[in-house]
Each structure stands twice: as structure tokens, then as C-alpha cells.
Amino acid sequence: MYLASPQIYDRTAPVISGATAETKAVLTTIRNTNRQILIGSQKEASVIQALTGRLPVLYGFEYQDGQTANTAAIVSAYNSGAMIGISDHMPNFVTWAGMGSYSHASGSNPQSNGCYDKSQNVLTEILPGGSKNAAFLAYVDAVCAWLSALVGADGKKIPVLWRPLHEANGDWFWWHNKTNAGQYVAAFQFYVDRMRVNGVTNALIVWCPTVNTVGGTLLEYADINPFSPGATYCDVVGLDVYSNAAGGSLRHGWVRSGYAAAEQIAGEINKPLGLAEIGFQNSAWSWSATSESFWDVVILRQIKSEMPAVRYAMFWNDIYAPGVDKLTSESATKMLADPYCVLR
């Protein structure tokens, strides 16, 4: 597994006690990364390899509706030397049909689990006293059992950057509540505390806000910080950034301001900061000749000059990511060839 050396920062213990030595080493490596970024890819490592002949340091996966179809791929990636990041796209516990209702293998629509259904206040129902509290606890218990059973060929538990309830300050998943940040924080803390009860020792908790909002509203520290669960409930601050900025700049006010807020929060709670998702905004129809320099100019140049706290960057998958069949493939190759980007 990729590990940095020498150590620059003191080790900071993961927030869930009893972490394995390998899990502590991943956190130390992320903290040690200085004036470089570890490159990650969400389910598309082969694209990075096609562009560069090398592999990403961090491999991203999904956990959804209790499906474990990715288990073999996760173990294989770890055995090859990759760090592992996993996002938990939790189901809507009010409308969910139950374990197995979503099938990653069959390609069924992720929205079938109701994660985008905001018609009811699911946060109220999953917290203690709510009608779905038991279902939520059973789900997290299943997550913990699965995480604890992830073991590599070396016989050791696989360290995982675990990202639940992501894009905290957004307005599209059921766990988003822009009018009651305290309820979101309570749910996040409740989730992590349940992981502690289950004795998970191979998870690093990623709390992840976003710079993107419906309508591109400017986000500042006061808009994002209320959603922070605090220093004892996360190991890493992630940030999701999507941009199609023209003219070689990420300096849309909402991107610059959102990043500044996340950097300040991470500094205040002494956590490393990573770009948990990064990609081209507005999907496939936005790819055009004007975006040919997107990755090396819009993304890398601005990370180097405007985002000094960033320790890793996860290219998102499919239409948001660099690919050999897109106009931006040459730009992505230039970006990834820069010594600032760490590959394996």
C-alpha cells in the first residue's frame, strides 16, 4: 500500500479508538502529503492508467443498500497497493424497500433507494425516538460488520476512508437539511458513535461538505461550519468540487469561497483536507472545445495556487472524469504528468 515517508506531522490518532496500525498509517500519509496531491479515481483507475501508464494512489468505491458487489474489487485494489475510499449512499429509511432492493450488478438506478427523496424528514425518523431508528441502527451495524470483514491478502484489515452523509450542506440527498444543521450533525455523530459501539478499527471518517449549490449560491464559512460534526467525529475534511470555469480559473465566487470555508474549518479542528470528489460540472453536454485545458489549467493550476491545504483529489467517475475519449484527455495527461500529482 502506498505510504509516504518521511513523516512530517505527528501522528494524530483516528477518532474511533483502537485503530489498526495500517489505518493510522493511512491517516499519517495523508497528513504527510505536502505541496503535492495524492491522485484518486472513483471506479475508473483504468482510465488513469490509459492516460499515464500509472495507477492512482486512491481507489474510490460505493456502498449502497447493503450490497457488497464491490467487495472483491476493493480487496483486489488494496492487494495491488492502493488506498481505499468508500462513500455510503444510504437509502431513504422511510421509503426504502429493504436490503438488496438496489442491485449494483444489474445496473438498477441508484435513485431507486430513495436517497434523493426529500419529501419527508428522514433525519427525524432515524434519530432516537424516531420510527426508523431501529432500521437505521441495523443498517449501520451491517455496515460495520462488512467493514470489519474487509481483509487483504496480508491477513490485515483493509483501512478505509469512510464517507457517510456526504455533501453535508447540499440540498439534494434526504440527509440534507439546510434549515436545521444541528439535526444533520446529530445524525452524523449518531452514525459514528454506532461505529464505535461496533468496534470498527479500520475506518477513517471523512466529513464532506460541497462548494456546489442549487443555483450556484455563494457559500461562506457561516454557511458550512454549522454542519461540521467537530474534531472528535471526523479524521479528514473532504470537499466536493465541480467546475466548468471558463478562462482557466476556478475563481467562480462559489468555488473560491467554499474552499476557503472548508480550509478554515479543517484548520480549526486540525484535520487534513482532501477533494473527495472533483469533476467537470453539468455532465456530458458541457464538454466542448473551450474545456480542452480544463484539467491542467482550470483544476491543477488553481489547486497549486489557490488550494494549498489539499492533500488528495478523487476524480469522479463516468461523465465527470477525464477519459481517453473526451476532448480533455490531453489536458488530463498533462495534469497527471506534473510532479505535484502523486501516482503509483
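Because the structure is predicted, anything quoted here is derived from the model rather than measured. Once a new chain begins, its residue numbering starts again from 1 and follows that chain's sequence as written. Residues qualify for local features only when their pLDDT is at least 70, as the model is predicted, and side-chain atom pairs are given and counted only at 80 or more; totals for whole chains, interfaces and linings, by contrast, use all residues. Excluded from the side-chain calculation are hydrogens and water; included are all heavy atoms of the structure.

Draft legend 1. Here's a closer look at the overall build of the protein. Of regular secondary structure, the protein possesses 10 helices and nine strands. The rule is simple: take the accessible area with a 1.4 Å probe, protein chains only, and divide by the maximum for that residue type; under 20% is buried, over 50% is exposed, in between is partly exposed. Expressed as a percentage of its 344 residues, the buried residues of the protein come to 57%. The criterion used for residue contact is that any of the two residues' heavy atoms lie within 4.5 Å. Of the contacts made within the protein by residues no fewer than 6 positions apart, 78% connect residues no fewer than 24 positions apart. In this description, accessible areas are obtained by the Shrake-Rupley approach with a 1.4 Å probe, and a residue is regarded as covered only by the protein chains that are shown. Carbon and sulfur atoms make up 51% of the accessible area of the protein, which totals about 12,900 Å². The helix and strand labels rest on DSSP assignments: H or I over at least four residues marks a helix, E over at least two residues marks a strand, and numbering proceeds from the N terminus.

Draft legend 2. The arrangement of the confidence of the model for the protein in detail. What pLDDT reports is the predictor's confidence in each residue, on a scale of 0 through 100. Scored by pLDDT, the protein comes out at a mean of 83, with 79% of its residues at no less than 70. Per-residue pLDDT stays below 50 along residues 100-111; that stretch engages in 18 contacts with residues further than four places along the chain or on separate chains.

Draft legend 3. Broad picture of the packing of aromatic side chains. Each Phe, Tyr or Trp ring (for Trp, its six-membered ring) is paired with any other whose centre lies within 6.5 Å, and the angle between the two planes then decides the class: stacked below 30 degrees, edge-to-face above 60, tilted in between. The final tally for this structure, using the stated rule, is 15 aromatic pairs. For the pair Trp295 and Phe315, a centre-to-centre distance of 4.8 Å together with 80° between the ring planes defines the contact as edge-to-face. Note that Trp295 is positioned in helix α9 (residues 294-306) and Phe315 in strand β8 (residues 310-315), a separation of 20 residues in sequence. Just as Trp295 is buried, Phe315 falls in that class too. An aromatic cluster is built from Tyr63, Phe93, Tyr116, Phe136, Tyr139, Trp146, Trp162, Phe173, Trp174, Trp175, Phe190 and Tyr191, whose rings are joined through pairwise contacts.

Draft legend 4. Spotlight on the pairing of β8. Across the six residues of β8, six count as buried, placing the element largely inside the fold. In this description, strands pair whenever DSSP reports at least two bridges between them. Note that strand β1 (residues 37-42) and β8 share four bridges and pair parallel. Paired with Leu38 across the strands is Tyr312, a residue of β8. Direction of pairing for strand β7 (residues 273-279) relative to β8: parallel, over a ladder of three bridges. Its bridge partner lying in β8, Leu273 is registered against Val310.

Draft legend 5. Layout of unusual backbone geometry. We note that Leu165 has phi near 50°; this positive angle belongs to a residue other than glycine. By secondary structure assignment, the location of Leu165 is in the loop between β4 (160-164) and α6 (181-197). With a phi angle near 55°, Glu167 is a residue other than glycine that sits in the positive phi range. Following the sequence through the fold, Glu167 ends up in the loop between β4 and α6. Judged by relative accessible area, Glu167 falls into the buried class, the value being 8%.

Draft legend 6. Region of interest: the pattern of salt bridges. Each salt bridge in this description consists of a side-chain nitrogen of Lys or Arg and a carboxyl oxygen of Asp or Glu lying within 4 Å of one another. Going through the model one piece at a time under the given rule, you end up with eight salt bridges. For Lys118, the salt bridge is made with Asp171, and the minimal N-O distance between the two is 3.8 Å. One end of the pair, Lys118, is in the loop between β3 (83-89) and α4 (122-126); the other, Asp171, is in the loop between β4 and α6, with 53 residues separating them in the sequence. Its relative accessible area of 35% is what places Lys118 among the partly exposed residues. Owing to a relative accessible area of 38%, Asp171 belongs among the partly exposed residues under this scheme. Linking Asp141 and Arg194 is a salt bridge whose minimum nitrogen-to-oxygen distance equals 2.8 Å.

Draft legend 7. Spotlight on the packing of helix α5 (residues 133-148) against α6. Packing of α5 against α6 brings their axes to within 10 Å, and their N-to-C directions diverge by 50°. One element, α5, and the other, α6, form an angle in the oblique class. As α5 packs across α6, the resulting crossing turns out to be right-handed. Residues Asn133, Phe136, Leu137, Val140, Asp141, Val143, Cys144 and Leu147 of α5 pack against Phe190, Tyr191, Arg194 and Met195 of α6. Classes in brief: Ala, Val, Leu, Ile, Met, Phe, Trp, Tyr, Cys and Pro nonpolar; Asp, Glu, Lys and Arg charged; the others, Gly included, polar. A class-by-class count of the residues in the contact of α5 with α6 yields nine nonpolar, one polar and two charged. Throughout, an axis means a line fitted to C-alpha atoms (over the contacting stretch in the case of helices), and angles, computed between N-to-C directions, take values from 0 to 180 degrees. When describing relative orientation, an angle under 35 degrees is termed roughly parallel and one over 145 degrees roughly antiparallel, while 65 to 115 degrees is termed roughly perpendicular and anything else oblique. Whether a crossing is left-handed or right-handed is set by the direction in which the near helix is turned from the far one by less than a right angle, anticlockwise for left-handed and clockwise for right-handed.

Draft legend 8. Focus on the side chain of Arg31. Secondary-structure assignment places Arg31 in helix α1 (residues 21-32). Among buried Asp, Glu, Lys and Arg side chains, Arg31 stands out as unpaired, with Asp235 the closest opposite charge at 7.5 Å. Here the side chain of Arg31 touches Asn270 through a polar contact of 2.3 Å, landing on its backbone oxygen. The positive count covers Lys and Arg only, the negative count covers Asp and Glu only, and His and the chain ends enter neither. Two N or O atoms form a polar contact when they lie within 3.5 Å of each other; inside protein one atom must be a possible hydrogen donor and the other a possible acceptor, and for residues adjacent in sequence the pair counts only when both atoms belong to side chains.

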